[in-house]
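# Results of the structural survey
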Amino acid sequence: MESTKTYFNRQQNWIYLILIFAGLLLRWINLDQRPLHHDESLHGIYGLYFYDNPATGFYKYNPLLHGPFLYHLLPFSYELLGVSKFAMRFPMAFIGSAMLFIPWIYRRYFNPKTALILTAAIALSPTLIYWSRFVRHDFLVLSCWLAMLFAITHLKGGWRNFVFISFFSLQFTIKENSYITFGLLLAYLFYEATILKIVDKYQESYLSGSLLHIKRSGLIILFSLLSGVIIYCYFYSAGFQYLQGILDGLYRKSLVYWADQHSKSRIPGPFIYQFMI
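Anyway, here's the lowdown on the structure attached to this text. Predicted, not measured: the structure shown is a model, and the values here were computed from it.

## Section: the layout of surface pockets
Considered as a void within the structure, the largest pocket measures approximately 500 Å³ in volume. If you go around the largest pocket, you meet 22 residues; those closest to its centre are His66, Arg136, Lys175, Glu176 and Trp258. Those elements that place two or more of their residues in the lining of the largest pocket are α3 (38-52), α11 (178-199) and α15 (254-262).

## Looking at the nonpolar core
If you look at the biggest cluster of nonpolar residues, it comprises 19 residues, and the most contacted ones within it are Phe69, Leu70, Tyr78, Leu140 and Ile174. Contributions of two or more residues to this core are made by α4 (69-81), α5 (85-98) and α9 (138-154). The biggest single contributor to this core is α9, with five residues. Met148, Ala151, Phe164 and Leu185 belong to the second-largest nonpolar core, a separate cluster that totals 15 residues.

## Digging into the environment of Ile231
Checked against the element boundaries, Ile231 lands in helix α13 (residues 218-236). Put simply, Ile231 and Phe167 are 64 residues apart on the chain and 9.3 Å apart in space, counted from C-alpha to C-alpha. Other than its neighbours up to four places away in sequence, Ile231 contacts Ser166, Ser169, Leu170 and Thr173.

## With respect to the packing of aromatic side chains
In the structure shown here, the tally under the stated rule is 30 aromatic pairs. Between Phe86 and Phe90, the aromatic rings sit 6.3 Å apart at their centres with planes inclined by 45°, giving tilted as the arrangement. Pair noted here: Phe86 and Phe90 are both in helix α5, with a separation of four residues, about one helical turn. Residue classification places Phe86 among the partly exposed positions, given a relative accessible area of 29%. With a relative accessible area of 24%, Phe90 lands in the partly exposed category. Linked through ring pairs, Tyr7, Phe8, Tyr16 and Trp104 together constitute an aromatic cluster. The ring of Phe58 is capped by Lys60, whose NZ or CZ atom sits 4.5 Å from the centre of that ring.

Parameters at a glance
- Residues numbered from 1 in each chain as written.
- Predicted model: local features only at pLDDT ≥ 70, side-chain atom pairs only at ≥ 80, totals over all residues.
- Heavy atoms only, no water.
- 1 Å grid on protein atoms, 1.4 Å probe; cavity = no way out; pocket = protein on both sides within 12 Å on 5 of 7 lines; lining within 4 Å.
- Points joined across faces, edges and corners; volume = space filled by probe spheres on them.
- Helix = DSSP H or I, 4+ residues; strand = E, 2+ residues; numbered from the N terminus.
- Core = buried A, V, L, I, M, F, W, Y, C linked by side-chain atoms within 4.5 Å.
- Buried < 20%, exposed > 50% of the residue type's maximum accessible area, 1.4 Å probe, protein only.
- Contact = heavy atoms within 4.5 Å.
- Phe/Tyr/Trp six-rings, centres within 6.5 Å; stacked < 30°, edge-to-face > 60°.
- Lys NZ or Arg CZ within 6 Å of the ring centre and 35° of its normal.

Structure below.
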């Protein structure tokens, strides 16, 4: 595997290491000092209920609080680190730290200077730092989306299908907006395919490669879909203890609630204001 020394020159290598260190420091220093936000307290306490009483305190799907995965994740963090604000925020800080290396993973698309700029943007972004220190579903969704993108761009054979479908299903257990992020990823694939058709029609796009692979991998896709169904059912039923949660999360509670939410104007104002937003 290519090292930073062979990709960056000596000066760039030091800049890269400093950026990574700064990004890690900003995500971990005094992680437990800020008081809990209202959302954090809700997520933390439902995870604590499950941790204290796995047989009876499990999370029963409520669309207001989104999917069940976070409430399964927090008990593991409590078990590992003890019940504390640090333990609550640990998963998000860990994911936020891992995101620092995205430009390095995709370095074949960038020259070294661009990779440094992107690393700096991620490491020093006030928004990304904030969400790296906040117990909510957003970074979990983003990490699953990035795993789906990684499957398309880097994996071959059956692993591409398995990882893509598994992480899509896992994302569905985190937050109901998985269909939106899937649409964004699909839009990117169509965009890339369109651009390549114009500038380099002989280069295979990720979209055409994925469609060809799907055509050739029926059995693997079937196995991957089965894996995705099991992931979904396991989390929404709290380890098959709460079977009604499966249909609640699929449509019975989720679709009704979010259709109602999307029909409301939360920020009133003239049409042009909404359009600009």
